[in-house]
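A structural walkthrough
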Amino acid sequence: MKTFTSSFLCVLLCCGGFLSWAKPPKTKKPNSLKAVKIKNKPTIDGKLDDEVWVRDPSFYIGNFIQTRPSNGKPSAQRTEIKVIYDDFAIYISAKMYDNEPDKILKEFGQRDSEGKNSDYFAVSFDTYNKQQNAFSFIVSAAGVQTDKFISARNEDVNWNAVWKSAVKITDEGWTAELEIPYSALRFPRDANQTWGVNFMRRVQRNQETSYWNHVDASLSGFVNQFGQLTGLKNIKPPVRLFLLPYASFSSQYDDTNGNSNTYGGGMDLKYGISESFTLDMSLVPDFSQVQSDNVVLNLSPFEVRFQENRPFFTEGTELFNKGGLFYSRRVGQSSFDLKDELGENEEVDKWPGETQLINATKLSGRTKGGLGIGIFNAVTKASYARVKDTETGETRTVLVDPLTNYNTFVLDQNLPNNSNISFINTNVSRAGGFTHANVTGTDFRFHNKKNTYRLQGFAAVSQRYTRDSESGSYIPDLGYKYNVSFSKVRGKFRFWMNRNVESHNYNPNDMGFLQAPNEVSHNAEVGYMTFKPKGILNRFNWWTGTWHRMLYKPFTFNQFGLWTNMNFNFTNFWYAGFNLNTTPVDNYDYFSPRVEGRFFKRLPAQEVNFWAGTDSRKKFRLTGYGGTWARPDWKQQDTWFGIRPRYRVNNKLSFIHDFNYTRRNNERNWAANVTDDNDHTHIVYGRRDVRNITNTFTLDYAFNRLTNFRLRIRHYWSNVIYDQLYLLQQNGELLADQATLQSLETNSEGVSEPVTHNQDFNAFNIDFVFNLQFAPGSFLTLVYKNAVSNFLSGREVNDFSFERNFRNNVMNAPQVNTFSAKVIYFLDYLYVKKLFK
């Protein structure tokens, strides 16, 4: 292992030295466009017939340059752009000429639905001209808006701004007109300003994406490939104060607890405390209308990660998402286990679910010098569970989660060459003697001058403080993690190598997310990519690599594997790909036994995956995947496949059905840990068949660009059948010791009870959401939800009839029906001030 580590570091240092003298490809001087100041603003109607557009012929005229499908080739369609501004906003006009205007695609969709089958126009502003971050505003040929905040590492489509746009289909193509108020941007107070800027055009029927300033697909990064917008003089950042009061009503009928009605109200506030920083506050927030979680039966030893759907926690959080230290679902998540608090005859009668959020605050922004600062704070109310004595019927309340404060602080400094370095701290403080937690980390990403090579790393120290019940003092538990990688990120040939170390007690999970620490791993991969069509291929990429994992404590071998992956994008706009994986030697699983120091030896295995999809421009599209995984020595084989047919009836109505099926035959895995009369823990594994079926049906209908609804129905079914039980031995192998297993099934009263049970789990959800944008930034939302969750266990669970399961275990199970209505109104301080003048 020492030899492997030393070799890895030597390669890393050699590559770092190569970074200093490797000759990169030549780069072209960026385009430049001058903005013109005006006195009379245009009417935003998409017609482009206002005097400010007509009188000045200084449009940018020319072809955009393709990024896809043919990187570097001029677009076949001509585009004209003009930028003007006044003291209130910046205005963009775009004429998209098209030699076949009747073929312009214009499917409607919800706001921020950029992926719909439509042509698009976009403008992106790098207002600090640092080549790192940008505000992007996109409008489709159907008039649907999308906006997002772009950073060096991701795109935050949940970022929202209030701006105006209009489009019009013409005999020559289509036009777009945008009004972006300065209140939607952040920029410095300089008298003369130069912004980074780029314009994008998407011709959907050709799957063509082109830019005014060429975005080279072979080069890493996006904002670092912008052009320049000059001529901006004497513009001032306005007062940015937005209020979003809301009123809500919710009615819930539960088959168990009956009907209940709730009324609510609150407010979100956005305040620009300077030209660079914005304060976001949510007072008494209401998240009753978020989409239902995709619940599954979790048979693994690891926590399932659910998607964050609450708007306040999805918008404007790009600064916080570093190193897995900020997982916003922790806020309001019950974390206390009642197992040790229950008496002999007690059981949990009522669980509070998520704790109530009292308030949440975000402060974020970036200075003129490129220093990003982010502060997040949230406070949740104490919550209690009800415990019932099964013999006497008496109940009592138990504190599940105390009053808790969640805090995150981030500093992120932009550096030259699309590089950055960050500092992150998260802190969770709980009242009443509960556990406290603190994690501090740093994150960096460095590129050479031509953005050809990248050195990236992350390091963190976690500290958890648990109160000793006898002394009353807090006992610290410290852990750490570091990760470093080196990669080539430009050109056709690329590589990546990585080392990751996590101590056995590294734990960021009070506010972050990590499934399993205790790891020392190395990864390496090489790849080849194409960026221009050739023959029947638009794009092709191939990657192959290897991984090697050790435990941190004890320092012992865990896993080794090899993989290869190929992707094909064809000139008829179909795609396909496959993946091969193998673990050619015995691997050692230290996590599934759920007992420290014990492991399960897994024999060599092989896996193959494939995926394919038809042309997304067509009314009917079919995508799918499949695969198989085998461990021949155990006659174990897993098979899975999924299909996703989508039918677009017209530009307003579309249907999607997702079907996913998984079958694991003769799987050996953990079943239960049982303690005998001598307090000895026996680890029981089982041979089982696991079958999962998921059906998700989605209907989207748009009345127009401002009004739409979505119906989503999801049914998940998991069925687990055991046919053989084993005891896990000290050497990691399984032994079918029937005598011991039988003795474990007999309790102290001589009654036979199974060590483990077959399992059957159903989750069924209906989400119907109606959205109406009745004014800029203002929405009426109506939501209906139906939820069913049904878990069965026991040896009698052995039926795999889909029809009988759905009839008996879903339709006849207790249901929760919820209807809610919510009105949010957007108030701009400047607009209100103007009304009272």
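Residues numbered from 1 in each chain as written. Predicted model: local features only at pLDDT ≥ 70, side-chain atom pairs only at ≥ 80, totals over all residues. Heavy atoms only, no water.

**So, the overall build of the protein**
- For the protein, the count of helices and strands is six helices and 45 strands.
- Its C-alpha atoms give the protein a radius of gyration of 29 Å, near enough to 28 Å, the size a compact globule of 837 residues would have.
- For the protein, the C-alpha atoms occupy an extent of roughly 95 × 65 × 60 Å along the three principal directions.
- Evaluated residue by residue, the protein yields a buried proportion of 49% over its 837 residues.
- Sequence separation of at least 24 residues holds for 63% of the intrachain contacts in the protein that already meet a minimum separation of 6.
- As displayed, the protein offers around 39100 Å² of accessible surface, 54% of which is attributable to carbon and sulfur atoms.
- Across the protein, 98 positive and 84 negative side-chain charges occur, with their mean positions spaced 12 Å apart. (Helix = DSSP H or I, 4+ residues; strand = E, 2+ residues; numbered from the N terminus. Rg over C-alpha atoms; globule rule 2.2 N^0.38 Å. Buried < 20%, exposed > 50% of the residue type's maximum accessible area, 1.4 Å probe, protein only. Contact = heavy atoms within 4.5 Å. Areas by Shrake-Rupley, 256 points an atom, 1.4 Å probe, with all protein chains shown as cover. Lys, Arg positive; Asp, Glu negative; His and termini not counted. Charge placed at Lys NZ, Arg CZ, Asp CG, Glu CD.)

**A few points about empty space enclosed by the protein**
- A complete count under the given rule lists three cavities of 30 Å³ or more for this structure.
- Within this model, the largest cavity holds a volume of roughly 70 Å³.
- If you go around the largest cavity, you meet 14 residues; those closest to its centre are Phe-108, Gly-109, Lys-116, Asp-700 and Tyr-701.
- Secondary-structure elements contributing two or more residues to the lining of the largest cavity are strand 39 (681-704) and strand 40 (707-728).
- Class assignment of the residues belonging to the lining of the largest cavity gives a composition of four nonpolar, five polar and five charged. (1 Å grid on protein atoms, 1.4 Å probe; cavity = no way out; pocket = protein on both sides within 12 Å on 5 of 7 lines; lining within 4 Å. Points joined across faces, edges and corners; volume = space filled by probe spheres on them. Nonpolar A, V, L, I, M, F, W, Y, C, P; charged D, E, K, R; others polar.)

**A closer look at the environment of Gly-545**
- With respect to the helices and strands, Gly-545 occurs in strand 30 (residues 537-550).
- Taking the C-alpha atoms as reference points, Gly-545 and Val-526, separated by 19 residues in sequence, lie 6.4 Å from one another.
- The contacts of Gly-545, once residues within four sequence positions are left out, are Ala-524, Glu-525, Gly-561, Leu-562 and Trp-563.

**Topic: the pattern of salt bridges**
- Tallied over the full model, the rule gives 34 salt bridges.
- One salt bridge connects Arg-111 with Asp-112, and the closest N-O pair in it is separated by 3.5 Å.
- We note a salt bridge from Arg-807 to Glu-803, for which the minimum N-O separation is 2.1 Å. Taken together, the positions of Arg-807 and Glu-803, both in helix 5 (residues 802-811) and four residues apart, correspond to about one turn of that helix.
- On the basis of relative accessibility, which here comes to 47%, the residue Glu-803 falls in the partly exposed class.
- Overlapping salt bridges, with partners in common, bring together Glu-107, Lys-116, Arg-648, Asp-700 and Arg-710 in one network. (Salt bridge = Lys/Arg side-chain N within 4 Å of Asp/Glu carboxyl O.)

**Quick look at unusual backbone geometry**
- Residues Arg-68 and Pro-69 are joined by a peptide bond in cis, for which omega reads 0°.
- Cis peptide bonds are those with omega within 30 degrees of zero, and the linkage from Lys-553 to Pro-554 qualifies with -10°.
- Relative to the elements of secondary structure, Pro-554 occurs in the loop between strand 30 and strand 31 (557-570).
- Phi at Asn-418 is positive, roughly 60°, even though this residue is not glycine.
- Turning to its location among the elements, Asn-418 is positioned in the loop between strand 23 (404-415) and strand 24 (419-430).
- Not every positive phi belongs to a glycine, and Asp-679 is a case in point at roughly 60°.
- Along the chain, the position of Asp-679 falls in the loop between strand 38 (653-675) and strand 39.

**Here's the deal with the packing of aromatic side chains**
- Taken as a whole, this structure holds 46 aromatic pairs when the rule is applied.
- Ring plane angle 65° and centroid distance 6.4 Å describe the contact between Phe-409 and Phe-423, whose orientation is recorded as edge-to-face. Residue Phe-409 is located in strand 23, and its partner Phe-423 is located in strand 24; the two are separated by 14 residues in the primary sequence.
- An aromatic cluster of three or more residues is present, and its members are Phe-135, Phe-137, Phe-149, Trp-159 and Trp-163.
- Just above the ring of Phe-513 sits the side chain of Arg-305; from NZ or CZ to the centre is 5.0 Å.
- It is Arg-594 that lies over the ring of Trp-670; its NZ or CZ is 3.8 Å from the centre. (Phe/Tyr/Trp six-rings, centres within 6.5 Å; stacked < 30°, edge-to-face > 60°. Lys NZ or Arg CZ within 6 Å of the ring centre and 35° of its normal.)

**Quick look at a nonpolar patch on the surface**
- Taken together, the side chains of Phe-620, Leu-622, Phe-641, Ile-643 and Tyr-647 present a nonpolar region at the surface, about 440 Å² in accessible area.
- When residues of the nonpolar patch are traced back to their parent elements, those giving at least two are strand 36 (620-631) and strand 37 (636-648).
- Per-element tally for the nonpolar patch: the top contributor is strand 37, with three residues.
- Among the structural elements, Leu-622 can be located in strand 36.
- Residue Leu-622 is classed as partly exposed on the basis of its relative accessible area, which comes to 34%. (Patch = residues over 30% accessible without salt bridge, like charges linked within 9 Å, V, L, I, M, F, W, Y side chains within 5 Å.)

**Notes on the side chain of Arg-712**
- For Arg-712, the location among the structural elements is in strand 40.
- No salt bridge is formed by the buried Arg-712. Its closest oppositely charged neighbour is Asp-767, at 4.8 Å.
- Of note is the side chain of Arg-712, whose polar atom sits 3.0 Å from the side chain of Asn-294. (Polar contact = N/O pair within 3.5 Å; in protein donor to acceptor, adjacent residues only side chain to side chain.)

**Some words on the environment of Ala-94**
- Its location among the elements puts Ala-94 in strand 5 (residues 89-97).
- Classification of Ala-94 by relative accessible area gives buried; the value is 0%.
- Distance in space between the C-alpha atoms of Ala-94 and Phe-121 is 8.0 Å, their sequence separation being 27 residues.
- Excluding residues within four positions of it along the chain, Ala-94 makes contact with Leu-48, Glu-80, Ile-81, Phe-121, Trp-174, Thr-175 and Ala-176.

**Observations concerning helix 5**
- Along helix 5, the residues that are buried comprise Asn-805, Asn-809 and Val-810. Around the axis of helix 5, the buried residues are gathered within 85° of arc, so they sit on the same side.
- Residues of helix 5 that are buried in the fold lie against strand 40, strand 42 (759-775) and strand 43 (778-793). (Arc of directions from axis to C-beta.)

**Notes on the side chain of Gln-773**
- Within the secondary structure, Gln-773 sits in strand 42.
- Setting aside its immediate chain neighbours within four residues, Gln-773 contacts Arg-111, Leu-706, Ser-778 and Phe-779.

**Examining the sheet that holds strand 22 (residues 395-401)**
- As summarised here, the arrangement of the three strands in space is 18-21-22, forming an open sheet in which the pairing is antiparallel. Each of the sheet's edge strands pairs with one partner strand only, and the pair in question is strand 18 (346-350) and strand 22. Geometrically, the sheet is characterised by an average inter-axis angle of 40° between neighbouring strands, direction not taken into account.
- As judged from the four bridges shared by strand 18 and strand 21 (residues 383-389), these two strands associate in the antiparallel manner. Opposite Lys-350, over in strand 21, you have Arg-386 as the bridge partner. (Pairing = 2+ DSSP bridges. Axes fitted to C-alpha atoms, helices over the stretch in contact; angles between N-to-C directions.)

**A word on the pairing of strand 15 (residues 241-254)**
- Note: strand 15 against strand 16 (residues 258-272), 14 bridges, orientation antiparallel. Looking at the pairing, Ser-251 lines up with Asn-261 of strand 16.
- One ladder, built from two bridges, connects strand 15 with strand 45 (residues 827-828); its direction is antiparallel. Pairing of Phe-242 across the sheet is with Asp-828, part of strand 45.
- With nine bridges connecting them, strand 15 and strand 44 (residues 816-824) associate as antiparallel partners. Note on strand 44: the bridge partner recorded for Tyr-253 is Asn-817.

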